[in-house]
Structures are given as structure tokens and as C-alpha cells.
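# Residue-level structure breakdown
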Amino acid sequence: AAGVIQSPRHLIKEKRETATLKCYPIPRHDTVYWYQQGPGQDPQFLISFYEKMQSDKGSIPDRFSAQQFSDYHSELNMSSLELGDSALYFCASSLGLGDRGTDTQYFGPGTRLTVL
Amino acid sequence: AQSVAQPEDQVNVAEGNPLTVKCTYSVSGNPYLFWYVQYPNRGLQFLLKYITGDNLVKGSYGFEAEFNKSQTSFHLKKPSALVSDSALYFCAVREWSNSGYALNFGKGTSLLVTP
């Protein structure tokens, strides 16, 4: 079965540079979520989109922005990178049917961002 | 405060023995509870979820979890552990907050199954 695709899998950037992470949801999934997982930490919710509109917003820094496109893929744009942004960034997708909160999120393999 | 707690950082069990990974929650209203497993350098894999209905939920790879409302727990169990079950396990709760319907994870429990 098709899974969530994230690219790139690994990314190395310098401080103050910008980065763009891409996420391709499972076919027919209409909701995308972004999470950040620091070393030894649990994943922290950043932001989500439903039908190309921002639906929920978590602890996403102002330096970060994201959007969901007409083909449902999503991009997380990160500017003025800091050392503390080094983390594993996960994208998840779900089919937003029924009662909000009950849909299952399926996670991609993640993008490991290293800021030097 | 964490909405979901995993009291054990690590659980060790011998192969073939039953395993339990503990999770307790503290949310108002009806909790939507999930278990995910993370292998090294991999994404999170969905195991099972409780939304409503039968308190015993069966999931992938022989795992199951029991929702206990009186004890506010959702422990993950497997009757017979495999070495390949060794991984990091996350309990998560979906709840409404200022962030919207976020999935809040516990700190994770590292499961080590020894031969």
C-alpha cells in the first residue's frame, strides 16, 4: 500500500539559511500534519491542513510557514534556521471523515534536518 | 501538563513472555487514544486506536490495548513478545485545545525484548 512520502530524507543547512521540506500524503487523504521530533523527544505538533486550508496550529515558530497545494501535497518552509531547529520532521496524513479527532494519522519516514 | 503519561522509560521482557507498556491519560471529555511504534531512524507506525465501543482494542502485529475509564489507562499488551518488537512505543491522545485537534504524545517507552 502507498505510504506518506517525504523529501528529502536528510538535509544539512547552515545557520540562517532556509529549508523546504515536502510531503506527499497517501492517495485520497485530504489532511496533512507536520510534527517536529527533537533528539530523545516525543513528536511535537506544528501545523495541519485540511482540504488545502490551515486547520490547526501548534508550536510552529513564526520563522516557519507551510501550505497545502491543490494536489494535497504540503511543504514546510523554514527560514533563518537555528541550531535548535535540528530535528526529525514528520509529515502525517489522514482521511478527515466523521468526527474530528478520530481519524488515524499515518506518518511518513521523516526528514532529518541538521543545522550547522 | 502532559495529557498522556508513560510512566516507564524502558521495559525489558524476555522473548515469549507477555509484555505490557503502560499509558495513562488526563483529558476532559471522551478521549481518543492511539498507540504508535517507532523503529530506529524510521517514522511512527500506527498500531491501534480507541475511539468508542469495546474496551479491548486489537491492532497490528498481535498487539492489543485495554481502555479503562475508571483508571484512565490505555495499556498496550501482547501475549508473547518477539525480539523484533524491540522499539520505541508512543501513546498519544487526540484532544481539543488552543492548538485545535492536536495529537499529543507521551514521552515514549523503549521496549527491549531479549532472546
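All of the points below concern the structure found in this document.

What counts and how
Residues numbered from 1 in each chain as written. Chains lettered and ligands numbered in written order. Predicted model: local features only at pLDDT ≥ 70, side-chain atom pairs only at ≥ 80, totals over all residues. Heavy atoms only, no water. Disulfide = S-S within 2.5 Å. Helix = DSSP H or I, 4+ residues; strand = E, 2+ residues; numbered from the N terminus. Buried < 20%, exposed > 50% of the residue type's maximum accessible area, 1.4 Å probe, protein only. Phe/Tyr/Trp six-rings, centres within 6.5 Å; stacked < 30°, edge-to-face > 60°. Lys, Arg positive; Asp, Glu negative; His and termini not counted. Salt bridge = Lys/Arg side-chain N within 4 Å of Asp/Glu carboxyl O. Polar contact = N/O pair within 3.5 Å; in protein donor to acceptor, adjacent residues only side chain to side chain. Contact = heavy atoms within 4.5 Å.

## Brief notes about the state of the cysteines
Residues and elements named next belong to chain A. Evaluated as defined, the whole model comprises two disulfides over all chains. Across the disulfide, C23 is cross-linked to C91 (sulfur-sulfur distance 1.7 Å). Linking C23 and C91, the disulfide has an S-S dihedral of approximately -55° and is accordingly described as left-handed. Placement of the pair is C23 in strand β3 (residues 19-24) and C91 in strand β9 (residues 87-94), with a sequence separation of 68 residues. Accessibility expressed as a relative area gives 0% for C23, which makes it buried. The exposure class assigned to C91 is buried, which follows from its relative accessible area of 0%.

## Quick word on the packing of aromatic side chains
Centre-to-centre distance and the angle between the planes together describe a pair of aromatic rings. Under the counting rule described, the total for this entry stands at 15 aromatic pairs over all chains. When the ring of Y36 of chain B is compared with that of F46 of chain B, the centres are 5.9 Å apart and the planes differ by 65°; the resulting orientation is edge-to-face. With Y36 of chain B in strand β5 (residues 32-38) and F46 of chain B in strand β6 (residues 44-50), this pair connects stretches of sequence that are 10 residues apart. The exposure classification of Y36 of chain B matches that of F46 of chain B, with both residues buried. One aromatic cluster is present, built from ring pairs that chain together Y35, F45, F90, Y106 and F107 of chain A together with Y36, F46, F90 and F105 of chain B.

## Examining the environment of K13 of chain A
All names here are of chain A. Mapped onto the secondary structure, K13 falls in strand β2 (residues 10-13). For K13, a relative accessible area of 22% puts it in the partly exposed group. Considering only alpha carbons, one finds K13 and S80, 67 residues apart in sequence, at a separation of 10 Å.

## Points about the side chain of E75 of chain A
All names here are of chain A. With respect to the helices and strands, the residue E75 is situated in strand β8 (residues 74-78). K22 provides the closest opposite charge to the buried, salt-bridge-free E75, at an N-O distance of 4.0 Å. Within the structure, E75 has its side chain in polar contact with the side chain of H73 (distance 3.1 Å). With residues up to four places along the chain from it excluded, the contact list for E75 reads T20, L21, K22, W34, S65, A66, Q67 and F69.

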